[in-house]
Structure formats: structure tokens, C-alpha cells
Amino acid sequence: MSFSVTLPDGSKKEFDKAVSVKDVASSIATSLGKAAVGAKVNGQVKPLDYEIDSDVEIAILTDKDEEGLDILRATAAFALEAVAKKKYPELRLGEHVADEGGFYVDTDKKDQIKVTELPELEKAMEKLVKSGQAIEHVEMDKSELEDIYKDDPYKSELLKKVEGDKVDAYKLGDFVDFGFDALLPNTGKIKHFKLLSVAGAYWLGKSSNPMLQRIFGTAFFKEAALKDDLKRRAEIKERDHRTIGRDLDLFFVDPKVGAGLPYWMPKGATIRRVVERYIIDREVADGYQHVYTPVLMNLDAYKTSGHWAHYRDDMFPPMDMGDGEMLELRPMNCPSHIQIYKHHIRSYRDLPLRVAELGMMHRYEKSGALSGLQRVREMTLNDGHTFVALDQVQDEFAKILKLIMDVYKDFDITDYYFRLSYRDPKNTEKYFANDEMWERSQKMLKGAMDDLGLDYVEAEGEAAFYGPKLDIQTKTALGNDETMSTIQLDFMLPERFGLTYVGQDGEEHRPVMIHRGIVGTMERFIAYLTEIYKGAFPTWLAPIQAEIIPVNNDAHGEYAEKVRQELAKRGFRAEVDNRNEKMGYKIRESQTQKVPYTLVLGDEEMKNGSVNVRRYGTDEEISKSLDDFIKEIDADVKSYSRE
Ligand code: ATP
Ligand code: ZN
């Protein structure tokens with residue numbers, strides 16, 4: 001027997017008898033033998049005891065490799081399973097995953113594992129790590145495992161997916177599990193790990209399946225790396241709009257009453273209303289005419305528009321009204337605004353015609369993609385369609401882009417980039433076929449961006465089915481790229497709906513349609529604002545701008561109410577905290593609720609008609625007359641606008 005093992009640098013090593021991965025590593029260098037945690041053999045991750053007896057390509061994995069880290073995390077997941085099963089013998093285990101995000105293990109028992117049980121499980125794992133027990137790598141008969149798991153529907157189902165009669169498994173004492181590429185040979189190697197959280201997860205990700213409890217954790221080779229990771233996770237959590245939304249009571253989504261269908265609580269609704277008023281005012285100033293149109297429309301309109309052919313997967317099923325009429329919840333507002341255009345005969349003098357609406361629409365997003373307010377199934381888009389003559393496209397595009405940039409300045413949004421989204425010519429199912437139209441509109445968009453001298457990236461396959469678009473991309477706290485604003489060129493819908501205008505020449509012409517969203521949907525935009533401000537909304541957006549705290553409810557309650565009325569009269573959002581709590585508690589609460597101004601009112605203030613002001617984020621208390629405070633908060637509220 002003789003075979004050669006090819007290393008990543010192309011060099012070869014010859015062997016004349018079967019060797020393990022560890023042997024190969026040691027034969028390269030003793031230190032590598034010690035550092036090795038596994039290997040990639042012909043591109044597949046294998047454990048240290050994996051036997052090699054023929055020609056292969058091999059890359060030894062150590063703690064420096066991502067796949068090496070995956071092996072460590074898989075070992076930690078295995079150790080978690082073993083201790084959990086020992087603690088709760090009735091526990092059943094589902095899938096386990098280890099990747100760049102850490103690891104998780106799905107579990108199921110009558111009283112589901114709660115987050116408060118994690119410290120105990122973690123302790124048991126620590127003990128297991130300290131005791132340094134051998135993890136045995138074994139090849140087992142499938143029938144033997146089938147027997148072991150005969151009362152476990154989850155493992156039985158997973159076992160069915162394993163090909164052949166033999167199963168690659170790992171043992172720790174009596175505990176056995178399978179489905180790992182590679183594990184470390186001893187529990188003593190899992191030194192730096194942490195259990196992070198638990199959350200419900202459907203078995204195999206299907207919402208018709210039972211809900212299991214997923215335990216998340218992570219592990220690193222080095223303590224410092226674990227510490228950094230935990231810090232980063234804490235920061236993300238602090239910024240995550242779902243966490244803040246709960247803590248500040250802005251909104252909630254409850255899958256029991258409808259996944260992806262958000263409820264806006266009074267404070268969240270207040271922020272939204274401020275944004276809506278702001279954007280409508282901005283648009284009206286820019287020549288838009290705001291309208292209201294229905295969320296339901298005859299399905300035929302979506303057949304004409306092409307939504308039914310190209311966008312059906314994202315739409316809610318139509319409602320059969322029983323008399324031949326089919327109604328559809330709109331996934332986009334374009335066909336509605338087209339009706340507004342068509343309602344009158346249009347002439348070149350009407351163009352550009354700018355129709356806008358805060359249009360509610362419904363999209364059947366996949367349940368796994370739903371996330372807080374970021375990705376929902378019912379949303380309200382700051383939508384607008386401008387109908388222009390061909391030679392007006394470029395100017396209108398620049399005008400819309402300027403509006404977007406101005407708006408971003410007002411909200412202090414600076415971290416974004418432009419993406420030109422083209423069709424994928426091969427995807428004929430998503431994109432309507434008309435090569436000439438696509439080429440022409442894509443060129444126009446690119447030309448407009450180049451003329452403005454703006455940088456952008458180009459992305460094939462991201463266009464809307466009816467035309468290319470400029471997307472303005474931002475990053476969420478979780479690090480995902482999301483589209484916020486968008487400008488889309490469309491030669492198709494005007495054609496399909498037979499839109500015309502009478503030109504200067506007295507002839508009929510076809511307008512071009514530009515779809516645009518400035519702040520995008522209210523849902524995604526407010527999720528984004530929550531994350532960039534970490535819940536400390538600037539005063540003009542803050543749901544409560546001033547929290548008024550009487551030192552003593554009985555003695556100062558009346559004065560507090562008077563101050564509130566003075567503020568409310570001038571349009572400021574103030575509330576009196578007259579609960580039966582200690583003053584110190586109320587002040588702290590006002591800080592955790594991130595209210596911009598906390599006003600504490602006692603004898604002194606009552607006597608002088610003054611207020612004692614604490615600005616959010618500072619420890620300073622400044623006494624001033626109510627008039628002066630009103631001037632201060634007024635200037636603060638107005639300061640968002642850069643005009
Ligand atoms: P995505 O690629 O994010 O699904 P899209 O390209 O389908 O979005 P458009 O049709 O361009 O989105 O929608 C306009 C705007 O609506 C987007 O810029 C985005 O701000 C917002 N939006 C789209 N889908 C959702 C959703 N499911 N939840 C919240 N906002 C959304
Ligand atoms: Zn549109």
C-alpha cells in the first residue's frame with residue numbers, strides 16, 4: 001500500500017500504511033500535530049482520528065481556522081446536549097448547528113427549558129470540561145441507533161436522512177449523538193464558552209411543526225476572543241430595535257394574533273405620526289399631491305400590471321367574493337396611483353405629475369424573514385409616483401434624489417450607500433421580457449448617477465420586475481443590509497395600463513413612471529431610527545419630550561399640571577408622573593425611558609414659576625424660568641431642520 005497526501009502548498013507526503021489526520025499533522029511538524037483540531041480532507045471537514053488510506057488533498061485545521069472554530073463549537077453543542085440530557089432524562093433533542101454565529105441545540109420537554117435554567121446547564125458543562133472526559137468517535141449500525149431513538153420522533157426523523165447502514169456517531173459515557181462533521185476528542189478542550197439565550201423555534205423551521213426550545217451559545221479557543229464577542233453581542237442587543245421597542249413600549253408583534261402584523265403602542269404611534277407629518281409637508285413643498293386610495297383592489301388590476309404573474313409569491317391570496325369578483329390586498333400602490341392618473345385626460349402641462357400617499361400594503365413575507373418592524377407583512381409605504389415625459393426623467397430623478405438626501409440630513413442619517421439594481425437577464429420568471437426597455441432604462445439610471453458624480457455599486461437581479469432602481473442601502477444593528485429609500489424607472493406599467501398625455505404637438509404620448517419611496521415604509525424607517533438613536537430620539541421625534549416630576553404629589557401636583565398645560569398649549573409633548581413612587585425612582589425611570597427633558601418641581605420652583613431641568617444624558621440640574629425653558633425646548637425641536 002502506498003498513497004500520497006497533497007498539502008495546500010502543493011507539496012506531497014508519501015505513506016505506506018493507513019494514517020490518521022493527527023499522524024499527518026505530526027509528520028509535518030510536531031507543533032502542528034499538537035495544534036491540529038481536525039482537517040479538511042478533499043474539502044470536507046474531518047476529525048483528528050479520521051483514517052486516510054488513499055490519495056487525498058488535505059488542509060490541517062487549527063484554532064486559527066474558521067472551520068477549526070466550528071469544530072470547537074460543535075463539541076460545545078455536543079457537551080451541552082450531554083449535560084442537558086443527564087439533567088432532564090425525558091428531554092428530546094432536535095437539530096444542532098455550529099457556525100460563525102456560535103452554536104445552538106434544539107430541545108423539547110414538557111416544561112420547556114427557560115433562560116433561568118441556563119446558568120445551571122453552564123455549570124454542568126464547566127464540570128464536564130474540567131473533568132476532561134474522552135469523546136469517543138464510533139461507527140454505529142443504523143439499526144442500533146434506531147433502537148436507541150425509538151421513542152424520539154425528532155432524532156428518528158433525522159436518522160432517516162442519513163444514507164447507508166452505518167452512522168458516524170460520537171459517545172460520551174452513555175450519551176450518543178450523530179450529525180457532526182468532526183468533534184474534538186476530549187471535553188477538556190472546550191475551555192471558553194458561554195450559553196447565551198433560549199428562544200422558540202419550529203421543528204425543521206416549519207410553522208406547522210411543534211415549537212422546540214433552541215438554546216444558543218458560543219465558544220472560542222481564546223478567552224479574549226470570547227470576551228470581545230460577548231461585548232459585541234451586548235452592544236447589538238442594546239441597539240436592536242426589538243429590544244428598545246419593548247423597553248420603551250413602542251410596538252409589539254404577536255405571532256398568535258398575526259405574524260408580521262405590528263401593533264403600534266401610543267409612543268411608537270407618536271413617533272410615526274411626527275415622521276408622517278414631516279414627510280407629507282416635505283413632499284407637498286416639492287410639488288406632490290397627496291391622495292388616499294383603497295388597500296383592496298380588483299385582482300384584474302394586478303393581472304394587468306404583471307404583479308400576478310411576477311410577484312404572486314409575495315402576495316396574500318385573493319379573496320373570492322362569491323359573485324365572480326376577486327379582491328386582492330395590494331402588495332404595492334402603483335396600480336392605485338395609475339387609476340388617479342387615468343381619471344382625467346392629461347396634457348404635457350400636467351407633467352411632471354406627482355402623486356403621493358402613505359399607502360398601506362401587504363406582502364406575504366416568509367415567516368423566517370420577519371423581524372420586528374424591520375420586515376413585516378403589513379406596512380405603510382411613503383410612496384409616490386411621478387409621471388413624466390421622457391425628456392424630464394433625468395431632472396426628476398435628480399430632484400427626488402435631492403429630496404432623499406435632504407431628508408437624511410434632517411434625521412442625521414449618514415451611514416448608507418447607493419446601489420443600482422438591475423434585472424438578472426436569465427431570470428425570465430421574475431422579469432418581464434423586453435430587452436430594449438431594460439437596456440434603455442438601466443442606461444438612463446446609470447447616466448443620471450454618473451452625471452451627479454455619485455458613487456454606487458451595481459447589483460444584478462435586485463431590480464423590481466417592471467424596471468431597474470436606485471436603492472439606498474443602510475445597515476441594521478444585526479449587520480444586515482436593508483433597502484430604505486428607492487427610485488425606480490418604469491416604462492412598462494404606463495404601457496400596460498395604456499397611459500397617455502396630450503403633447504404640445506396635439507398627439508398622444510406615453511409618459512414614463514418613476515416609483516419612489518423617500519423614507520421607505522414607516523415600519524422599517526422607525527426600526528432604523530430606533531437603532532441609530534439607540535432609543536434616545538432627538539427632541540422633535542421623542543414621544544414624550546418632557547417628563548414633569550412633582551417633588552411631592554400633594555404639594556406640587558397642581559403646579560406640575562399647570563406647567564404641563566403651558567407646554568401642551570404650545571404643541572410640546574409633556575406628561576406628569578404623579579404615581580405614588582419616590583422622586584428618585586421617577587427621575588431614574590425618566591432617564592431609562594430616554595426622555596429628553598426631565599423637569600423636577602418643588603417649593604422653590606412653585607414659588608418662582610420656574611422649572612428644574614435635567615437634560616437626558618447629563619447629570620446637570622439647571623433651574624430656569626418656565627419661559628426660558630419654553631424657548632430652549634422650542635429651539636431644540638426646530639433644530640433638526642437644516643434649512
Ligand atoms: P426588499 O428587497 O427589502 O424585500 P423590495 O425591494 O421588495 O424590498 P420595494 O418594493 O422597493 O422593496 O419596497 C419599497 C420599500 O418598502 C423598501 O425600500 C423598504 O423600505 C420597504 N419594505 C419592503 N418590504 C418591506 C417589509 N417586508 N417590511 C418593511 N418594509 C419593507
Ligand atoms: Zn410603485
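Look up a bit, the structure's there.
Residues numbered from 1 in each chain as written. Chains lettered and ligands numbered in written order. Predicted model: local features only at pLDDT ≥ 70, side-chain atom pairs only at ≥ 80, totals over all residues. Heavy atoms only, no water.

A few words now on a nonpolar patch on the surface. A grouping of Phe-252, Val-257 and Tyr-263 is seen on the molecular surface, where their side chains present a nonpolar patch of about 270 Å² in accessible area. Along the chain, Phe-252 falls in strand 15 (residues 251-252). The partly exposed category is assigned to Phe-252, whose relative accessible area is 34%. (Patch = residues over 30% accessible without salt bridge, like charges linked within 9 Å, V, L, I, M, F, W, Y side chains within 5 Å. Areas by Shrake-Rupley, 256 points an atom, 1.4 Å probe, with all protein chains shown as cover. Salt bridge = Lys/Arg side-chain N within 4 Å of Asp/Glu carboxyl O. Helix = DSSP H or I, 4+ residues; strand = E, 2+ residues; numbered from the N terminus. Buried < 20%, exposed > 50% of the residue type's maximum accessible area, 1.4 Å probe, protein only.)

Another aspect to go through is the pairing of strand 29 (residues 512-521). Counting buried residues in strand 29 gives 10 out of 10 residues, a clear majority hidden from the surface. Alignment of strand 22 (residues 378-388) against strand 29, held across seven bridges, turns out to be antiparallel. Note that in strand 29 the partner of Asp-383 across the bridge is Gly-517. In this structure, strand 26 (residues 481-490) lies alongside strand 29, joined through five bridges in antiparallel fashion. (Pairing = 2+ DSSP bridges.)

Before going further, it helps to spend a moment on the coordination of the zinc ion (ligand 2). Donor atoms from the polypeptide that coordinate the zinc ion (ligand 2) comprise Cys-334 (SG), His-385 (NE2) and His-515 (ND1), at 2.0 to 2.3 Å from the metal. In primary-sequence terms, the residues that donate to the zinc ion (ligand 2) follow C-x50-H-x129-H. Here His-385 lies in strand 22 and Cys-334 lies in helix 13 (residues 334-342), a separation of 51 residues in the sequence. With relative accessibility at 0%, the residue His-385 sits in the buried group. (Donors = N, O, S within 2.8 Å, 3.2 Å for Na, K, Ca; no water.)

Under the defined criterion, the tally for this structure stands at 22 aromatic pairs. Aromatic side chains Phe-252 and Tyr-263 sit 4.9 Å apart centroid to centroid with 5° between the ring planes, which places their arrangement in the stacked category. Of this pair, Phe-252 sits in strand 15 while Tyr-263 is found in strand 16 (residues 263-264), placing the two residues 11 residues apart along the sequence. One aromatic cluster is present, built from ring pairs that chain together Tyr-278, Phe-411, Phe-525, Trp-540 and Tyr-640. Here Arg-377 stacks its cationic end above the ring of Tyr-364, 4.2 Å away from the centre of that ring. Over the face of the ring belonging to Tyr-597 we find Arg-615, whose NZ or CZ atom lies 4.4 Å from the ring centre. (Phe/Tyr/Trp six-rings, centres within 6.5 Å; stacked < 30°, edge-to-face > 60°. Lys NZ or Arg CZ within 6 Å of the ring centre and 35° of its normal.)

Now for helix 14 (residues 393-410). The end-to-end C-alpha distance of helix 14, which contains 18 residues, comes to 26 Å, matching closely the 26 Å that a straight helix rising 1.5 Å per residue would cover. Every buried residue of helix 14 is accounted for by Val-393, Glu-396, Phe-397, Ile-400, Leu-401, Leu-403, Ile-404, Asp-406, Val-407, Tyr-408 and Asp-410. Directly after helix 14, the chain includes Asp-412, whose backbone phi takes a positive value near 60°. (Expected span 1.5 Å × (residues − 1).)

Where helix 10 (residues 266-285) contacts helix 17 (residues 522-533), the two axes come as close as 11 Å, and the packing angle between them is 115°. Taken as axis vectors, helix 10 and helix 17 run roughly perpendicular relative to one another. Every pair of crossing elements has a handedness; the one defined by helix 10 and helix 17 is right-handed. In contact with Ile-271, Arg-272, Val-275, Glu-276 and Ile-279 of helix 10, helix 17 contributes Met-522, Glu-523, Phe-525, Ile-526 and Leu-529. (Axes fitted to C-alpha atoms, helices over the stretch in contact; angles between N-to-C directions. Parallel < 35°, antiparallel > 145°, perpendicular 65-115°, else oblique. Left-handed = near helix turned anticlockwise from the far one by under 90°. Contact = heavy atoms within 4.5 Å.)

Two side chains bearing opposite charge may form a pair once their charged atoms approach each other closely. Inspection of the entire model under this criterion finds 43 salt bridges. For the salt bridge of Lys-469 with Asp-471, the shortest nitrogen-to-oxygen distance reads 3.6 Å. Here the salt bridges do not stand alone but share partners, grouping Glu-365, Arg-375, Glu-482 and Arg-524 into one network.

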